[in-house]
Amino acid sequence: MSTSPQLPALGFGLGLRKEHYTTILETSPDVDWFEVLTENYLVSGGKPRYFLDQIRERYPVVMHGVSMSIGGSDALNMDYLQQVKDLAQQIEPRWISDHLCWTGLNGLNAHDLLPLPYTEEAIKHVVKRVEKAQDFLGRRMLLENVSSYVTYTDSEISEWEFISTIAEQADCLILLDVNNIYVSSVNHEFDPLDYLHGVPADRVQQYHIAGHSDFTDYAIDTHDAEIIQPVWDLYAQAVQRFDNVSTMIERDDNIPELSVLLDELDKARDIAAKYQP
Amino acid sequence: MSHEKSPLLELQQEFIRLLMNGDQKIQSRIIGTQKVPVETRLGIYADAYRFRLIDALADSYPSVHSLLGDDDFIALANAYIDHCPSQHFSIRWFGHQLPTFLQQTAPYSGSPALWEMALFEWTLRDVFDAQDFTPLTMDDLRQLPAERWSDLQLQFNPTIQRIELSWNVPALWQEIDKQLDPSEPISCEYPLPWVCWRKIDQKNWFRSMDVDEAWALDQMRQQASFADICEGLCEWIDAQHAPQRAAGHISRWCEDELITAILPLK
Ligand SMILES: [Fe+2]
């Protein structure tokens, strides 16, 4: 009998983007599940909900948010959490994720996924808030690692130690963004394999893989391009280390035809089939 | 003994001041590398903050963007970002104060067509994701017994937005939507009433109305009865023709999917 906190895996999914709504409904593509951006559907009605409801009838979905500000210093936004909970009641996602970051202060929103210092104080702070959010939502949530461009003098431990400690202490799951690990490893000059080996295998629930912009000396996670070989390589390493993890291609900008993303998804399937034990 | 300030809070305050005011105090908290100095690292965040918000505004206001051109739109966006930082968790709401900002801030306040365009575009945006509904059909309306008409009260499509426009911005909006170069804005003799709404085909619609129709619609949306409307329409036409005119408005609203139900008698 397993005591793993992991939820049943969903296979190979895509991010649901409005550009693909009609193609998905017309062609029922071979995608195991869709990840929907929570905030896009926190509206009263209209096209977004109309399409989501139809796609939901055919595919499992998960909800991925950007606004929880789990590391923020303002009180948790309970109005936001209530809206997330209401949406979850309506569309019954298999899980809900957000990012291990902060997004604003004093009621002002930067609309960015800002990095936290990897300190004892931040761990305590985030753990308390994850517990509160999970209690309120009535389920375990996933926290995703963000890409970062700064290292704080305050930080006492590595990013992987930080996310792992929080996941263990708050009893939440991890959404491992392989591209973000790669981007941060370039920006902070660490070995991405150390990251992969530093997180607890039974807490990794989902992968994001994506493209980014390379500026030689640093990289930015623009999610607007094809996945590059080093990220595929890192993904191949990840599937050897972790079991039962659901994979998703994340494209946020410069959205191509659905078929392009389906090809990338097939590539991920091939890699997983080749390397998974 | 006073509590020491939380280092996490202090760091976040300095970071927000970097993004919103360009304050560089946070530099001392960041470790740079030979390849990528601290300024470059912080610059990535400062630039991303602005780009993302400018992008959101351009997405909400494509026609304001088109009327101003790239450079002036970016200048406007930067002024707006400084003046009205986002206070909502969803970036969808970031632009909600732009019409007021344009109306109240020089040099934009000197171009009334510009703020009316902003008002029109934000209105369409609200229509787009307002609550879903089921429209009343013409058959439903025809089945109403003749004696029920004078007490008739209606429930309306929740996506309806009513605005008054003194410039021909909907026509300009259509030109821009068809990727044409917009013609010079033309002002109307008097403010025209417009109604914007969504049909069940999920498409946004808008049309101008005669003043009496706009008055009747506004009244009936506030629970006025058919009889009330007939009385009020005498402002514009003689009493004898008022019921016919009122019924004409209602049947057009029904065809346009502006009505969702006949309210039960109290
Ligand atoms: Fe991601």
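Not measured: the values here are computed from a predicted model.

1. Considerations on the overall build of chain B
In terms of helices and strands, chain B carries 11 helices and six strands. Its C-alpha atoms give chain B a radius of gyration of 25 Å, clearly above 18 Å, the size a compact globule of 266 residues would have. Taking the principal axes of its C-alpha atoms as reference, chain B extends roughly 85 × 50 × 35 Å. Going through the 266 residues of chain B one by one, you find that 46% of them count as buried. A separation of at least 24 residues holds for 65% of the contacts in chain B among residues at least 6 apart in sequence. Of the roughly 13700 Å² of accessible surface on chain B, a fraction of 50% belongs to carbon and sulfur atoms. A distance of 8 Å separates the average location of the 22 positive side-chain charges in chain B from that of its 39 negative side-chain charges.

2. Here's the deal with the domain arrangement of chain B
When its domains are assigned, chain B resolves into domain 1 (1-97) and domain 2 (131-266). The gap between the C-alpha centroids of domain 1 of chain B and domain 2 of chain B is 42 Å.

3. What to know about the coordination of the iron ion
Residue and element names in this part refer to chain A. Protein coordination at the iron ion: the donors are Glu144 (OE), Asp177 (OD), His208 (ND1) and Glu250 (OE), at 1.9 to 2.3 Å from the metal. Angles of 85 to 177 degrees at the metal separate the four donor atoms of the iron ion, which places the site in the irregular class. The motif formed by the donor residues of the iron ion, counted along the single chain, is E-x32-D-x30-H-x41-E. Highlighted residues: Glu144 in strand 7 (residues 142-144) and Glu250 in the loop between strand 13 (246-249) and helix 9 (258-275), separated in sequence by 106 residues. By relative accessible area, which is 1% here, Glu144 ends up buried. The exposure class assigned to Glu250 is buried, which follows from its relative accessible area of 4%.

4. Topic: the packing of helix 4 (residues 120-137) of chain A against helix 5 (residues 159-170) of chain A
Residues and elements named next belong to chain A. Following both chains from N to C, one finds helix 4 and helix 5 inclined at 40 degrees, their axes separated by 9 Å at the closest point. Relative to helix 5, the element helix 4 is oriented oblique. Our pair here, helix 4 against helix 5, has a crossing hand that is right-handed. Residues Ala122, Ile123, Val126, Val127, Val130, Glu131 and Gln134 of helix 4 touch helix 5, and the partners they reach there are Phe162, Thr165, Ile166, Gln169 and Ala170. Here the contact of helix 4 with helix 5 is built from residues that sort into eight nonpolar, three polar and one charged.

5. Describing the interface of chain A and chain B
With 47 residues of chain A at the interface, the matching set in chain B holds 42 residues. Here chain A packs against chain B, burying approximately 3900 Å² in sum over the two surfaces, 64% of which is carbon and sulfur. Our count for the chain A to chain B interface comes out at two salt bridges. Linking Arg52 of chain B and Asp112 of chain A is a salt bridge whose minimum nitrogen-to-oxygen distance equals 3.5 Å. If you list the elements that add at least two residues to the side of chain A that touches chain B, you get helix 2 (47-58), helix 3 (78-91), strand 5 (102-105), strand 6 (108-114), helix 4, strand 8 (151-152) and helix 6 (178-188) of chain A. The residue makeup of the side of chain A that touches chain B, split by class, is 19 nonpolar, 20 polar and eight charged. With two bridges connecting them, strand 8 of chain A and strand 1 (residues 30-31) of chain B associate as antiparallel partners. From the neighbouring strand, Tyr152 of chain A faces strand 1 of chain B, where its bridge partner is Ile30 of chain B.

6. Looking at the pattern of salt bridges
Pairing is possible between side chains that carry opposite charge, provided their charged atoms lie close to one another. Evaluation of the coordinates by the stated rule reveals 27 salt bridges over all chains. A salt bridge links Asp256 of chain B to Arg207 of chain B; the shortest N-O distance between them is 3.0 Å. Placement of the pair is Asp256 of chain B in the loop between helix 11 (242-255) and strand 6 (259-262) and Arg207 of chain B in strand 5 (residues 204-208), with a sequence separation of 49 residues. On the basis of relative accessibility, which here comes to 9%, the residue Arg207 of chain B falls in the buried class. When salt bridges with common partners are traced through the structure, they connect Asp154 of chain A together with Glu10, Glu14, Lys25 and Arg29 of chain B into a single cluster.

7. Quick word on the pairing of strand 6 of chain A
All names here are of chain A. Counting buried positions over the seven residues of strand 6 gives five, a clear majority of the element. Bridge count between strand 5 and strand 6: three bridges; the pairing is antiparallel. Across the sheet, residue Leu105 finds its bridge partner in strand 6, namely Leu108. Remark: two residues form the turn of the hairpin made by strand 5 and strand 6, two consecutive strands paired antiparallel; Asn106 in that turn has positive phi of roughly 55 degrees.

8. Points about helix 1 (residues 7-21) of chain B
Residue and element names in this part refer to chain B. Taking 1.5 Å per residue as the helical rise, helix 1 with its 15 residues ought to reach 21 Å, and the 20 Å between its terminal C-alpha atoms agrees with that figure. For helix 1, the set of buried residues is Leu8, Leu11, Gln12, Gln13, Glu14, Phe15, Ile16, Leu18, Leu19 and Met20. N-capping of helix 1 is provided by Ser6, with a side-chain oxygen placed 3.2 Å from the backbone N of Leu8. Once helix 1 ends, the next one or two residues include Gly22, with phi positive near 70 degrees.

9. Describing helix 2 of chain A
With 12 residues, helix 2 of chain A extends 17 Å between its outermost C-alpha atoms, agreeing within 8% with the 16 Å of an ideal straight helix rising 1.5 Å per residue. Buried within helix 2 of chain A we find Pro48, Arg49, Phe51, Leu52 and Ile55 of chain A. One side of helix 2 of chain A holds all its buried residues, which, seen down the axis, span an arc of 165 degrees. Buried positions along helix 2 of chain A lie against helix 1 (21-27), strand 2 (33-37) and helix 3 of chain A together with helix 6 (112-128) of chain B.

10. A few points about the packing of helix 1 of chain B against helix 2 (residues 38-60) of chain B
All names here are of chain B. Two numbers describe how helix 1 lies on helix 2: the axes approach to 9 Å, and their chain directions differ by 55 degrees. The orientation of helix 1 with respect to helix 2, classified from their angle, is oblique. Relative to helix 2, the crossing made by helix 1 is right-handed. Along its contact with helix 1, which presents Phe15, Leu18, Leu19 and Met20, the element helix 2 presents Leu42, Tyr45, Ala46, Tyr49 and Arg50. Per-class residue counts for the contact of helix 1 with helix 2 are eight nonpolar, no polar and one charged.

Rules behind the numbers
- Residues numbered from 1 in each chain as written.
- Chains lettered and ligands numbered in written order.
- Predicted model: local features only at pLDDT ≥ 70, side-chain atom pairs only at ≥ 80, totals over all residues.
- Heavy atoms only, no water.
- Helix = DSSP H or I, 4+ residues; strand = E, 2+ residues; numbered from the N terminus.
- Rg over C-alpha atoms; globule rule 2.2 N^0.38 Å.
- Buried < 20%, exposed > 50% of the residue type's maximum accessible area, 1.4 Å probe, protein only.
- Contact = heavy atoms within 4.5 Å.
- Areas by Shrake-Rupley, 256 points an atom, 1.4 Å probe, with all protein chains shown as cover.
- Lys, Arg positive; Asp, Glu negative; His and termini not counted.
- Charge placed at Lys NZ, Arg CZ, Asp CG, Glu CD.
- Domains from an automatic or database assignment.
- Donors = N, O, S within 2.8 Å, 3.2 Å for Na, K, Ca; no water.
- Tetrahedral: all angles 85-135°; square planar, octahedral: opposite > 155°, others 65-115°.
- Axes fitted to C-alpha atoms, helices over the stretch in contact; angles between N-to-C directions.
- Parallel < 35°, antiparallel > 145°, perpendicular 65-115°, else oblique.
- Left-handed = near helix turned anticlockwise from the far one by under 90°.
- Nonpolar A, V, L, I, M, F, W, Y, C, P; charged D, E, K, R; others polar.
- Buried area = accessible area lost by both parts, 1.4 Å probe.
- Salt bridge = Lys/Arg side-chain N within 4 Å of Asp/Glu carboxyl O.
- Pairing = 2+ DSSP bridges.
- Expected span 1.5 Å × (residues − 1).
- Polar contact = N/O pair within 3.5 Å; in protein donor to acceptor, adjacent residues only side chain to side chain.
- Arc of directions from axis to C-beta.

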